[in-house]
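Geometric and topological summary
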Amino acid sequence: MTPIYTEAVRRGACTLLLCFSFGASGAQTLAERELIDQWGYPDSLASHSGQTVMVLVVDVRRLGTIQRWQEELGARFPELRWLRIGDLDEPGPVDLARVRDTLQRRVPRGAAVLVDHERLWASSLDLDTRQPNLLLYASDGQLAGRWHGRWSDTLGDEVSLAVATLMALR
Amino acid sequence: MKPVILAGGGLANSLIAWRLAEVRPDLPLLLLESGPQLGGNHTWSFHGSDLAPAQHKWMAPLLRRSWACHEVRFPNRQRIIAGSYHSLDNESLHAAVSGRLGERVRTGAPVRSLASDHVVLEDGSVLEASLVIDGRGAQALPGFTLAWQKFVGQLVELDAPHGLDHPVLMDATVEQHDGYRFIYLLPFSESSVLVEDTYYSDASDLDAAALRERIATYLAARGWRVRTVEREESGVLPIVLEGNPGPLLEAGPGGVVTVGMRAGLFHGTTGYSLPQAVALADALAALPALDVASAQACVRQHVRELWRSQRVFRLLNRLLFRAADPGARWRVLEHFYRLPEPLIGRFYAGRLQGLDSLRILSGRPPVPVSRALRVMLGRPAGTRA
């Protein structure tokens with residue numbers, strides 16, 4: 001009897017340990033994770049709950065590639081919320097202060113870029129950030145669509161129809 | 001005890017009567033129909049996935065025919081879909097319902113007026129009731145922007161087998177007229193088939209003679225020779241593009257409970273009304289007390305939920321009628337039928353879930369994108385989409 005009892009207790013203990021470890025770190029979803037922008041302000045996808053949100057994730061050195069997306073989609077959908085995430089795909093330690101300083105100087109003041117130096121978004125969603133990644137979230141927080149690439153009329157139409165559908169059915 | 005009176009022996013009230021007689025056999029009820037038999041002159045159909053297993057069971061005695069699969073045909077896509085399909089018509093409905101209800105069905109009894117506690121017949125007799133349910137067919141829908149699904153159907157007996165073993169829900173390989181045109185085929189036996197010439201049109205007028213001629217042309221093109229036309233039916237069904245559901249949520253005149261097409265209980269895009277009629281019959285039969293207030297609340301909740309869930313269908317309707325040129329509307333349907341079977345099933349059942357609507361509208365659309373965006377966002381023509 002004793003070995004069985006011991007095994008049951010051991011399994012129970014493992015289950016408890018797993019619960020605690022998820023509670024401590026895993027319970028926070030990607031949407032809830034706050035990132036800090038170049039001005040030091042935090043933001044997260046979860047803070048835009050109830051809105052249709054386009055998350056743009058791209059390597060911080062290629063932020064220029066998202067400009068056309070923002071211009072075109074911004075003109076079509078003024079009420080669309082944006083979350084710009086600058087990804088840092090660099091080996092070794094990252095000088096965050098220098099990155100933020102560069103962003104402050106090069107990015108227009110109204111355009112906050114959240115710096116994802118741990119590459120949380122890229123690794124969680126398997127994103128190639130050498131080109132823009134567009135992640136469309138419905139107002140209930142569901143990932144409704146994802147696209148990858150620079151602006152083109154064809155891709156732009158496809159993304160626009162998806163945004164329009166969510167907006168129309170919101 | 002005063003009976004529940006069901007005014008109008010169409011599909012909705014016949015199913016309510018059928019279900020009440022089954023679930024509450026001691027409940028006094030009376031089903032009134034102005035014509036000689038229940039159901040008028042109609043065929044109703046539904047997909048297997050539209051109903052729950054228990055609903056299939058209680059509907060089974062009413063069916064005329066069931067098939068294991070169905071088919072759609074477009075210029076660039078032909079597809080056999082595995083889901084079952086079922087039909088009943090006025091004859092099978094009348095035989096089953098009048099068989100079960102007996103004297104509780106009264107045909108040839110047109111209604112002059114009604115209120116929540118009585119019905120006045122055309123002959124002047126007054127029938128008192130514990131509850132009156134009005135299912136006397138569609139009524140005007142003021143405040144709604146509508147398009148139309150209209151058709152003429154002929155049940156024909158051919159002089160040789162037609163070779164079809166399953167329904168063809170849309171044969172859109174035909175010449176297009178007056179919007180989206182397709183032929184609907186229900187093979188009831190090896191030599192009899194219901195052939196409906198159907199249109200998704202901007203106008204409600206029906207040129208029955210022209211449609212009969214096109215049916216004849218279609219039959220001839222398939223090499224089918226008609227021995228007799230057994231029956232003909234026609235219909236003009238509303239397709240709601242947008243509107244205010246307020247009037248549908250109000251009680252009928254005198255507090256009467258309204259059901260069926262009269263209450264707007266039909267699929268927004270396909271016009272199918274049977275799944276809604278089945279669901280409402282189930283809901284009413286399950287009420288703890290079948291009084292005016294409970295029935296009214298039940299129907300209103302049903303209408304409200306349907307209106308909310310049909311938002312995506314009204315959007316699709318606007319895309320179909322406003323973003324696509326009439327002669328190119330078939331492309332929208334052809335595009336739709338690229339989708340996986342379970343999603344098509346949920347579409348017909350009116351039970352879209354999660355991101356289904358996005359999947360329906362995703363991919364390169366068969367209509368000009370700028371026009372589609374304007375329609376979806378409710379922006380007037382001439383503005384930037």
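Each value, and the rule that gives it
Residues numbered from 1 in each chain as written. Chains lettered and ligands numbered in written order. Predicted model: local features only at pLDDT ≥ 70, side-chain atom pairs only at ≥ 80, totals over all residues. Heavy atoms only, no water. pLDDT = per-residue confidence, 0-100. Contact = heavy atoms within 4.5 Å. Buried area = accessible area lost by both parts, 1.4 Å probe. Salt bridge = Lys/Arg side-chain N within 4 Å of Asp/Glu carboxyl O. Polar contact = N/O pair within 3.5 Å; in protein donor to acceptor, adjacent residues only side chain to side chain. Helix = DSSP H or I, 4+ residues; strand = E, 2+ residues; numbered from the N terminus. Pairing = 2+ DSSP bridges. Axes fitted to C-alpha atoms, helices over the stretch in contact; angles between N-to-C directions. Parallel < 35°, antiparallel > 145°, perpendicular 65-115°, else oblique. Left-handed = near helix turned anticlockwise from the far one by under 90°.

What follows covers the confidence of the model for chain A. In low-pLDDT segments, the atomic positions of the prediction should not be examined closely. Here chain A averages 83 in pLDDT, and 84% of its residues register 70 or above. Predicted confidence is poor over residues 1–26 of chain A, with pLDDT under 50, and the contacts of this stretch with residues over four places away or in other chains come to 2 contacts.

Let us now look at the interface of chain B and chain A. Chain B puts 19 residues into the contact, and the matching count from chain A is 22 residues. With both sides pooled, the region where chain B packs onto chain A buries about 1,700 Å², and carbon together with sulfur makes up 66% of that total. If you sort the residues of chain B by the area they bury against chain A, Arg311, Leu355 and Leu358 of chain B come out on top, with a joint share of 30%. If you look at where chain B meets chain A, you find 0 salt bridges. Put simply, chain B and chain A have 1 residue pair in polar contact (both at pLDDT 80 or more) between them. Broken down by secondary-structure element, the contributors of at least two residues to the side of chain B that touches chain A are α8 (311–323), α11 (356–361) and α12 (369–377) of chain B.

With that settled, the discussion passes to the sheet that holds strand β7 (residues 143–148) of chain A. Residue and element names in this part refer to chain A. If you trace the 7 strands from one edge of the open sheet to the other, you get β2-β1-β5-β4-β3-β6-β7, paired in mixed fashion. In this open sheet, the two edge strands, each paired with only one partner strand, are β2 (42–43) and β7. With 3 bridges joining them, strand β4 (residues 81–87) and strand β5 (residues 114–116) adopt parallel strand pairing. Note that in β5 the partner of Asp87 across the bridge is Asp116. Helix α3 (residues 96–106) rests against β1 (35–37) and β5 of the sheet, and its axis sits at about 145 degrees to β5.

The next thing to look at is the pattern of salt bridges. Residue and element names in this part refer to chain A. Counted under the stated rule, the structure contains 28 salt bridges over all chains. Between Arg76 and Asp157 there is a salt bridge, and its shortest N-O distance comes to 3.7 Å. Of this pair, Arg76 sits in helix α2 (residues 67–76) while Asp157 is found in helix α5 (residues 153–169), placing the two residues 81 residues apart along the sequence.

Residue and element names in this part refer to chain B. The interhelical angle for the contact between α8 and α12, taken along N-to-C directions, is 135 degrees, at an axis separation of 9 Å. Relative to α12, α8 is oriented oblique. Both α8 and α12 take part in a crossing whose hand is right-handed. Taken together, the residues of α12 that come into contact with α8 (itself represented by Leu315, Arg318, Leu319, Arg322 and Ala323) are Arg371, Ala372, Val375 and Met376.

Note: strands within a sheet are paired through backbone hydrogen bonds, in either parallel or antiparallel orientation. Residue and element names in this part refer to chain B. Overall, antiparallel pairing links the 3 strands, which are arranged β9-β10-β11 in an open sheet. Bordering the open sheet on either side are β9 (111–115) and β11 (126–128), each of which pairs with just one other strand. On average, each strand axis in the sheet is tilted by 15 degrees relative to the strand beside it, whichever way the strands run. Two elements, strand β10 (residues 118–121) and β11, share 3 bridges in a ladder whose sense is antiparallel. Each bridged residue has a counterpart across the sheet, and for Val119 the counterpart in β11 is Leu127.

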